[in-house]
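Residue-level listing of the chains:
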Amino acid sequence: MAFQPTPRQADKITVKSFFEQYQQQLKLSVVAGENGMHRSIRDKSINRPALALTGYFTNFASRRIQLFGAGEMAYLRDVDENKQMEIMWGIASKRIPCMIISRHLTPTKAMVEVAKVFKIPLLRSSLNTRDLLGTATILLEEFFAPRVTLHGTLLDVRGIGTLIRGESGVGKSECALALIERGHSLVADDVVHIKQMGERELMGSGPILNRGYMECRGLGIINVAELFGIRSVRIEKRVEFIITFQEWRQGMEEERTGLEREFYTILDIPVPHIKLPVRPGRDMARLVEVAAMIEALRQIGHDPAKDFNDRLIALMNDGVPPKTPLIPS
């Protein structure tokens, strides 16, 4: 099954917002260029202007934050002030968003003067260059990550991030409540925010307002953590498996073997997907739990449906089915 919800993605963040949001994590302070805090950062990567210091600006990443580490600062101090001014003037003329100096190093006079003239924020961090580069990159990747919002309930079932979908009133929350009672964890109910991290990973979470709360028809709003303990709630979880609840009707097709694999596409990433018919008397929580365990087996290379099919083919060809290690002969 292919479906592509409408994604959202931030295309920029102002230096002011970057500073205010990440000041504590990155241990930032403003040195100069306060009047340029409105400038926009439009790239999630960080640039170290090594070649630019020599005057080589071909393919210079001007949309990125410019990070000056110990190497860059040592080079600047090794040249005279006129050369420093020429270098910094050339970099600033490329309309960079801001500059950050790591290791709490002291900026040169040329850096401060150019930051004031061009109104480019000059920031300083007490973190070493490696930690600053890694942390800032992760924070920006998360900010610029493509996002989408889906209707459903996301749970951690036996370590598998399981998203339960279906029409309103089909029983998603009731099933989730039964799973939580059995020791599984709630991530998000009703509204699930999903963001793409890296090339193949989808992370799901709920709105901050209703984190840890669920709506159950007939009961109203319940606080999951208070009823079942803090371990029953998770802030976020990777979306690895999707189950769609469908109202059962006479004559509808139901999967009998599990050999046919379906996928539900979110942000161009296919996620394993199955459909479960809902009808009176079915223990939907138990079925979801078993389905998640089967998916866990598939992730480590064990597919029960394929294994059984291979045994059946062997029996048809040889007359004797192969032995199964889990079942003694």
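Below you will find a few notes about this structure.

Calculation notes
Residues numbered from 1 in each chain as written. Predicted model: local features only at pLDDT ≥ 70, side-chain atom pairs only at ≥ 80, totals over all residues. Heavy atoms only, no water. Helix = DSSP H or I, 4+ residues; strand = E, 2+ residues; numbered from the N terminus. Rg over C-alpha atoms; globule rule 2.2 N^0.38 Å. Buried < 20%, exposed > 50% of the residue type's maximum accessible area, 1.4 Å probe, protein only. Contact = heavy atoms within 4.5 Å. Lys, Arg positive; Asp, Glu negative; His and termini not counted. Charge placed at Lys NZ, Arg CZ, Asp CG, Glu CD. Pairing = 2+ DSSP bridges. Axes fitted to C-alpha atoms, helices over the stretch in contact; angles between N-to-C directions. Expected span 1.5 Å × (residues − 1). Salt bridge = Lys/Arg side-chain N within 4 Å of Asp/Glu carboxyl O. Polar contact = N/O pair within 3.5 Å; in protein donor to acceptor, adjacent residues only side chain to side chain. Phe/Tyr/Trp six-rings, centres within 6.5 Å; stacked < 30°, edge-to-face > 60°. Lys NZ or Arg CZ within 6 Å of the ring centre and 35° of its normal.

A few points about the overall build of the chain
Of regular secondary structure, the chain possesses 9 helices and 17 strands. For the chain, whose C-alpha radius of gyration is 27 Å, the value lies well above the compact-globule estimate of 20 Å for 329 residues. By its C-alpha atoms, the chain is 85 × 55 × 35 Å across when sized along the principal axes. Across the 329 residues of the chain, 43% fall into the buried class. Contacts in the chain between residues far apart in sequence, at least 24 positions, make up 69% of those at least 6 positions apart. Taking the 44 positively charged and 39 negatively charged side chains of the chain as two groups, their mean positions are separated by 5 Å.

Considerations on the sheet that holds strand β5 (residues 65-68)
Spatially, β2-β7-β6-β5-β4 is the arrangement adopted by the 5 strands of the open sheet, whose pairing is mixed. Each edge of the open sheet is held by one strand with a lone partner, namely β2 (28-32) and β4 (46-47). Where β4 and β5 come together, 2 bridges link them in parallel fashion. In the sheet register, Ile 46 faces β5, and the bridge partner there is Ile 65. Against the sheet, helix α4 (residues 109-118) engages β2, β5, β6 (99-101) and β7 (122-125), with an angle of about 80 degrees to β2.

A word on helix α9 (residues 304-318)
Here α9 contains 15 residues, and its C-alpha end-to-end distance of 21 Å stays within 8% of the 21 Å for a straight helix at 1.5 Å per residue. Gly 319, located one to two residues past α9, shows a positive phi value of around 85 degrees.

Observations regarding the side chain of Gln 84
Tracing the sequence through the fold places Gln 84 in helix α3 (residues 81-92). On the basis of relative accessibility, which here comes to 8%, the residue Gln 84 falls in the buried class. Not counting residues within four places of it along the chain, the set of residues in contact with Gln 84 comprises Leu 76, Arg 77, Val 79, Thr 108 and Ala 110.

A short note on the sheet that holds strand β14 (residues 236-238)
What the 8 strands build is an open sheet, ordered β14-β11-β10-β8-β9-β15-β17-β16; its pairing is mixed. Lying at the two open borders of the sheet, with one neighbouring strand each, are β14 and β16 (262-266). Mean inter-strand twist for the sheet, computed between neighbouring axes without regard to direction, equals 40 degrees. By the bridge criterion, 5 bridges tie β16 to strand β17 (residues 269-278) in an arrangement that is antiparallel. Considered in β17, the bridge of Phe 263 is made with Pro 272.

Looking at the side chain of Lys 237
Looking at where Lys 237 falls in the secondary structure, it is placed in strand β14. For the buried Lys 237, no salt bridge exists, and the shortest N-O distance to an oppositely charged side chain is 4.1 Å, to Glu 240. Separated by 3.0 Å, the side chain of Lys 237 and the backbone oxygen of Gly 159 make a polar contact. If we ignore the near neighbours within four places in the chain, the residues touching Lys 237 are Leu 154, Asp 156, Gly 159, Ile 160, Gly 161, Val 187, Leu 202, Met 203 and Gly 204.

Digging into the packing of aromatic side chains
What describes a pair of aromatic rings is the distance from one ring centre to the other and the angle between the planes of the rings. Under the defined criterion, the tally for this structure stands at 4 aromatic pairs. Taking 4.9 Å as the distance between ring centres and 80 degrees as the angle between the ring planes, the aromatic pair formed by Trp 89 and Phe 118 counts as edge-to-face. Linking Trp 89 in helix α3 with Phe 118 in helix α4, this pair joins segments that are 29 residues apart in sequence. One residue, Lys 94, lies across the ring of Phe 57, its end atom 5.0 Å from the ring centre.

Distances and angles like these do not, on their own, reveal function.
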